Amino acid sequence: DTEVTQTPKHLVMGMTNKKSLKCEQHMGHRAMYWYKQKAKKPPELMFVYSYEKLSINESVPSRFSPECPNSSLLNLHLHALQPEDSALYLCASSPKEGDGNTIYFGEGSWLTVV
Amino acid sequence: KNEVEQSPQNLTAQEGEFITINCSYSVGISALHWLQQHPGGGIVSLFMLSSGKKKHGRLIATINIQEKHSSLHITASHPRDSAVYICAVWRWGGSQGNLIFGKGTKLSVKP
């Protein structure tokens, strides 16, 4: 199993809503990542979890709250988002954090904030 | 100047043509990925290279560490190859866990 599974595929939410994006992998990877991608731009790193601990937070606004309940799951909790937060959110995993590792991406969650 | 540069930005080819996408980088790296992204959004890692050449089906990737350059070749291109191809590098000594991405090459293969 070399899959990273993301749900939901599409999400539309109002600026006052609270929602969550979910990511799951069963490859035994100990590093998991959240990326944000706007149209026609490369992905931008948001968070990295290494061995279930937050390793990197790339100055992401607090309306995005990551959570890693166990080594297979990664959540991104969303609250009070702005329309400019509309984007594709990609989850990825690799055997360990850092350089030289093969990285696997999920299909992404398309988020629209209205 | 971006640390990872790709060329061309856009590429249109006829089915069956041989395609080359280039990637140059300005930082020390431990490995380089070639990624494929279809309009649906998901990203697939085609190759990870740290030296030499790799081949998978109609795809060939090469890297020259001394020249800091990599190429992705597609032989006998097909409309299903239409996608955005992204070069990404793991940088030595940079933020742990961070890939540096190129801006991507949008490939359209016409039947």
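Since we're looking at a predicted model, the values are computed, not measured. (Residues numbered from 1 in each chain as written. Chains lettered and ligands numbered in written order. Predicted model: local features only at pLDDT ≥ 70, side-chain atom pairs only at ≥ 80, totals over all residues. Heavy atoms only, no water.)

### Regarding the sheet that holds strand β3 (residues 19–25) of chain B
Residue and element names in this part refer to chain B.
Move 1: Judged by pairing direction, the sheet is antiparallel, and its five strands sit side by side in the order β1-β3-β8-β7-β6 without closing on themselves. Lying at the two open borders of the sheet, with one neighbouring strand each, are β1 (4–7) and β6 (52–56). Each adjacent strand pair in this sheet contributes to an overall mean axis angle of 15 degrees, direction not counted.
Move 2: Here five bridges tie β6 to strand β7 (residues 59–64), and the two strands are oriented antiparallel to one another. Residue pairing in the sheet places K53 in a bridge with T62 of β7. (Pairing = 2+ DSSP bridges. Helix = DSSP H or I, 4+ residues; strand = E, 2+ residues; numbered from the N terminus. Axes fitted to C-alpha atoms, helices over the stretch in contact; angles between N-to-C directions.)

### Some remarks on the pattern of salt bridges
Residues and elements named next belong to chain A.
Move 1: In this structure the tally under the stated criterion is four salt bridges over all chains.
Move 2: For E107, the salt bridge goes to K9, with nearest N and O atoms at 3.8 Å. With E107 in the loop between β10 (104–105) and β11 (109–113) and K9 in the loop between β1 (4–7) and β2 (10–13), this pair connects stretches of sequence that are 98 residues apart.
Move 3: The class for K9 is partly exposed, based on a relative accessible area of 33%. (Salt bridge = Lys/Arg side-chain N within 4 Å of Asp/Glu carboxyl O. Buried < 20%, exposed > 50% of the residue type's maximum accessible area, 1.4 Å probe, protein only.)

### Brief notes about the state of the cysteines
Residue and element names in this part refer to chain A.
Move 1: Scanning the entire structure with this criterion turns up two disulfides over all chains.
Move 2: The partner cysteine of C23 in its disulfide is C91, sulfur to sulfur 1.8 Å. Note on the C23 and C91 pair: the S-S dihedral is about -70 degrees, so by sign convention the disulfide is left-handed. Taken together, the residues span a long stretch of sequence, with C23 in strand β3 (residues 18–25) and C91 in strand β9 (residues 87–94) at a distance of 68 residues.
Move 3: Cysteine C68 remains unbridged, with the sulfur of C23 as its closest cysteine sulfur at 9.2 Å.
Move 4: Assessed through its relative accessible area of 13%, C68 is described here as buried. (Disulfide = S-S within 2.5 Å.)

### Comments concerning the sheet that holds strand β7 (residues 64–70) of chain A
Residue and element names in this part refer to chain A.
Move 1: The strand order β1-β3-β8-β7 describes an open sheet built from four strands, whose pairing is antiparallel. Edge positions in the sheet fall to β1 and β7, since each has one partner strand and no second. Here the average twist between neighbouring strands, direction ignored, is 20 degrees.
Move 2: In this structure, β1 lies alongside β3, joined through four bridges in antiparallel fashion. Its bridge partner lying in β3, T5 is registered against E24.

### Regarding the environment of E67 of chain A
Residue and element names in this part refer to chain A.
Move 1: Relative to the elements of secondary structure, E67 occurs in strand β7.
Move 2: For E67, a relative accessible area of 33% puts it in the partly exposed group.
Move 3: Sequence spacing of E67 and H79 is twelve residues, and the spatial spacing of their C-alpha atoms is 14 Å.
Move 4: Among the polar contacts made by the side chain of E67, one reaches the side chain of H77 at a distance of 2.7 Å. (Polar contact = N/O pair within 3.5 Å; in protein donor to acceptor, adjacent residues only side chain to side chain.)

### What to know about the interface of chain A and chain B
Move 1: Contact residues are listed per partner, giving 23 residues for chain A and 23 residues for chain B.
Move 2: Overall, the association of chain A and chain B removes approximately 1700 Å² of surface from exposure, summing both partners, and the carbon and sulfur fraction of that is 58%.
Move 3: Where chain A touches chain B, the interface holds zero salt bridges.
Move 4: The interface formed by chain A and chain B holds four residue pairs in polar contact (both at pLDDT 80 or more) in total.
Move 5: Contributing elements (two or more residues each) for the side of chain A that touches chain B: β4 (31–37), β5 (44–50) and β9 of chain A.
Move 6: The element best represented in the side of chain A that touches chain B is β4 of chain A, accounting for three residues.
Move 7: Taken together, the residues that form the side of chain A that touches chain B break down as twelve nonpolar, six polar and five charged. (Contact = heavy atoms within 4.5 Å. Buried area = accessible area lost by both parts, 1.4 Å probe. Nonpolar A, V, L, I, M, F, W, Y, C, P; charged D, E, K, R; others polar.)

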